[in-house]
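An overview of the molecular structure
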Amino acid sequence: MDPRPHTVNAGGFTTRYWESTPPDTPRGTIVLVHDGAFGGDAISSWAHVMPLLARHHRVLAPDLLGYGDTDKAVYLDRSPYAFRTTHLAAFCAAVGVDTAHFIGQSFGGSLLLRAVATTTPALPARTVVSICGTGGPWRTEKGITELGRYDGTEEDMRRLVTTMVDDYPGLDDTIRARYANTRKPGHVTACLAARLRHPTMAAPTSDDTWPAPLRHSPIPVHVVEGTRDDLLQPGWSHHFDDLAPHIHSHRMNARHAPNLDQPDTLTDLLLTFLTTRTTP
């Protein structure tokens, strides 16, 4: 059940992904989507969660475009969610995923929420879980400034990671792995690309109707807020309360990345949701 690396062509892009499979027939497939921080990738985000979920499910975790060992490609004429959603859909087709539970953390969770906020979701999702991913808004000033800068050193990578988590066994390994990712050609540039602006044109306006579009989605959605997450506004998950019968929220005693520092507690929560919220 330990994650194994593979490479596939997804939509024309070389894509690294990790897979864990159960010892018996899987109950279904889970696709895990990592965060968008400097140095992020699938295995540094999900290494301790994948074997737990893989006791009964096939679990896949791809590196998104620009991250890990996937191609360092970006599109500058569309949102950072949109082109990565297209790539994620191509990945699912390439590895034979017709339907799956999708779970994302931070940027990955926001990507998933946006992907299914329509009557015709862009991904073959049975359910979606977003862990500390809001869909875009409600970031604090600390979240914007602390996660938005990186000086290129391993010491500063420690600052970035410890901004998101409590201390935990394996913290130093995560820091080293994410620092190594930042040294891969094109990664930091890909992370910075979305912040580039025409010198005389205003930044795109934000969507002030969010999360109302999720009402039209046929996909059951669960959002998880960390009650000690100071990178997002306190109580942000209440914006999803009473939005629709198939949309649920949960608050847990965590910071921004419980997939790193609370894998057991988070996995129990995820499995409970997957077994009780599989239909609208």
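Residues numbered from 1 in each chain as written. Predicted model: local features only at pLDDT ≥ 70, side-chain atom pairs only at ≥ 80, totals over all residues. Heavy atoms only, no water.

1. Quick word on the pairing of strand β1 (residues 4-10)
As a reminder of what qualifies: Between any two strands, at least two bridges found by DSSP are needed for them to pair. Segments assigned H or I by DSSP are reported as helices when at least four residues long, segments assigned E as strands when at least two residues long, and all are numbered from the N terminus.
By the bridge criterion, seven bridges tie β1 to strand β2 (residues 13-20) in an arrangement that is antiparallel. Bridge pairing links alanine 10 to phenylalanine 13 in β2.

2. What to know about the sheet that holds strand β5 (residues 100-105)
Note the cut-off: Lines fitted to the C-alpha atoms define the axes, with helices restricted to the stretch that makes contact. Angles between their N-to-C directions range from 0 to 180 degrees.
Taken in spatial order, the eight strands line up as β1-β2-β4-β3-β5-β6-β7-β8 in an open sheet, and their pairing is mixed. For this open sheet the edge positions go to β1 and β8 (247-252), each flanked by a neighbour on one side alone. Each neighbouring strand pair of the sheet contributes to a mean axis angle of 25 degrees, computed without reference to strand direction.

3. As for helix α6 (residues 154-164)
Put simply, the rule reads: Classification of residues uses two cut-offs on accessible area relative to the type maximum, computed with a 1.4 Å probe and protein chains only: under 20% is buried, over 50% is exposed, and between them is partly exposed. Throughout, a residue-residue contact means that at least one pair of heavy atoms, one from each residue, lies within 4.5 Å.
Buried within α6 are the following residues: Asp156, Met157, Arg159, Leu160, Val161, Thr163 and Met164. Where α6 is buried, its residues touch α5 (141-147) and α7 (171-182).

4. Examining the pairing of strand β4 (residues 58-62)
Burial analysis of β4 places five of its five residues in the buried class, the great majority of the element. Of the two faces of β4, the one lined by Arg58, Leu60 and Pro62 and the one lined by Val59 and Ala61 are each fully buried. Note that β2 and β4 share four bridges and pair antiparallel. Residue pairing across strands places tryptophan 18 opposite alanine 61, the latter belonging to β4. With three bridges connecting them, strand β3 (residues 29-33) and β4 associate as parallel partners. Among the inter-strand pairings, isoleucine 30 is bridged to a residue of β4, identified as valine 59.

5. Topic: unusual backbone geometry
Across the junction of tryptophan 210 and proline 211, the peptide omega takes the value 10 degrees, indicating a cis bond. Position of proline 211 among the secondary structure elements: in the loop between α8 (187-193) and β7 (221-226). In the Ramachandran plot, aspartate 242 falls in the positive-phi region, its phi being about 60 degrees despite a non-glycine side chain. Residue position: aspartate 242 is located in the loop between β7 and β8. We classify aspartate 242 as exposed; its relative accessible area is 80%.

6. Considering the pattern of salt bridges
What counts here: By definition here, a salt bridge exists when the distance from a side-chain nitrogen of Lys or Arg to a carboxyl oxygen of Asp or Glu is within 4 Å.
By the definition in use, this model includes 13 salt bridges. Between arginine 16 and aspartate 69 there is a salt bridge, and its shortest N-O distance comes to 3.6 Å. Of the two residues, arginine 16 is situated in strand β2 and aspartate 69 in the loop between β4 and α3 (80-94); the sequence distance between them amounts to 53 residues. Judged by relative accessible area, which is 22%, arginine 16 ranks as partly exposed. The class of aspartate 69 is partly exposed, set by a relative accessible area of 36%. The salt bridge involving aspartate 230 is made with lysine 142; its shortest N-O contact spans 2.8 Å. Of this pair, aspartate 230 sits in the loop between β7 and β8 while lysine 142 sits in helix α5, and the two are 88 residues apart along the sequence. Each of Glu146, Arg149, Asp156 and Arg159 takes part in salt bridges that share partners, so that together they form one network.

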